[in-house]
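# Structure assessment
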Amino acid sequence: MGGPSAEREVSLSSGRECAAALRDAGLDVVEVDAGLDLVARLQEIKPDVVFNALHGRWGEDGCVQGLLEWLRIPYTHSGVLASALAMDKQRSKEAFTQAGLPVVESVIANKVEVSKRHVMEPPYVVKPNNEGSSVGIYIVNEGANTLPQLAETMPDEVMVETFAPGREMTTTVMGDRALGVTDIITDGWYDYEAKYAEGGSRHEVPANIPQEIYDACMDYAVRAHQALGCRGVSRTDFRWDESRGLDGLIILEVNTQPGMTPTSLSPEQAELIGMSFSDFCAWMVEDASCDR
């Protein structure tokens, strides 16, 4: 847990929650804040399984997965290729398109260029191509005269994608089974604060939406999980424009390391099928392997 990414604090929270849940399940747990000494720590501990509670770069993009493959330590969640694909939003979109799944138009552009001209007709969204948790999201509204002034911390290459209006929804996949659909209700953009702060958002689970849309979310999430080659638990995020019916449902992205905090979505969906948080975490440990 922890690590050096922009999502370090959320990862520490996920790690603490998962460690407590696994202890409740009767497992022996050692908490490791992933640093430059990670290999030495793992060789010292000699774990039977690594529960990966890292979020963001290095922990979610195939890097730590490759390290664990090298050490031949079974680990949870997706393997090297699926993790790398899911973290690269543009490449994962290409995989979704090939699988016949709906996504919005997007381009990869230079950060400086984006600050000088509209590289796409507004409304559009600017975000890092390889970070999660709504880190560094800029919305340019229709008819906007001003250009987005991107923070210095944004990478040189960013994704610019057509803004998808509507409701924010999400579906967790466990193995090859979709667990449910959550409607995420906020007063504004579902940003980092709304995701992780108490009261930042309200989760309606199961979502009160037409059965056709509910079923489509469940189907699309499993197909997206399979298109990337995900393993264990993943979570697919959607936008749904009610005015357009099924045509208004699009996939935003797949998270291969869904948050596991008190306000997180995947544990709530596991509860929907009668699985406690402790059992949910234990299932991931039982599912762990190398060569994922």
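### Topic: the packing of helix α4 (residues 80–87) against helix α5 (residues 89–98)
The geometry of α4 relative to α5 is characterised by a closest axis approach of 5 Å and an angle of 105° between their N-to-C directions. It follows from the interaxial angle that α4 and α5 lie roughly perpendicular. Residue-level inspection shows L85, A86 and M87 of α4 in contact with α5, the latter providing K89, R91 and S92. In terms of residue class, the contact of α4 with α5 is made up of three nonpolar, one polar and two charged.

### Considerations on the packing of α5 against helix α8 (residues 211–228)
Viewed as axis vectors pointing N to C, α5 and α8 meet at an angle of 115°, and their least axial separation amounts to 9 Å. Our classification of the angle between α5 and α8 gives roughly perpendicular. In this structure, α5 crosses over α8, and the sense of that crossing is right-handed. Between α5 and α8, the contacting residues are S92, A95 and F96 on the first element and A224, A227 and L228 on the second. In terms of residue class, the contact of α5 with α8 is built from five nonpolar, one polar and no charged.

### Details of the pairing of strand β8 (residues 233–240)
The buried count for β8 comes to eight of eight residues, which makes it a mostly enclosed element. Of the two faces of β8, both are covered, the one formed by V233, R235, D237 and R239 as well as the one formed by S234, T236, F238 and W240. As paired elements, strand β5 (residues 167–174) and β8 share eight bridges and run antiparallel to each other. Note that in β8 the partner of T170 across the bridge is D237. Judged from the six bridges that link them, β8 and strand β9 (residues 249–255) form a sheet pairing that is antiparallel.

Rules behind the numbers
Residues numbered from 1 in each chain as written. Predicted model: local features only at pLDDT ≥ 70, side-chain atom pairs only at ≥ 80, totals over all residues. Heavy atoms only, no water. Axes fitted to C-alpha atoms, helices over the stretch in contact; angles between N-to-C directions. Helix = DSSP H or I, 4+ residues; strand = E, 2+ residues; numbered from the N terminus. Parallel < 35°, antiparallel > 145°, perpendicular 65-115°, else oblique. Contact = heavy atoms within 4.5 Å. Nonpolar A, V, L, I, M, F, W, Y, C, P; charged D, E, K, R; others polar. Left-handed = near helix turned anticlockwise from the far one by under 90°. Buried < 20%, exposed > 50% of the residue type's maximum accessible area, 1.4 Å probe, protein only. Pairing = 2+ DSSP bridges.

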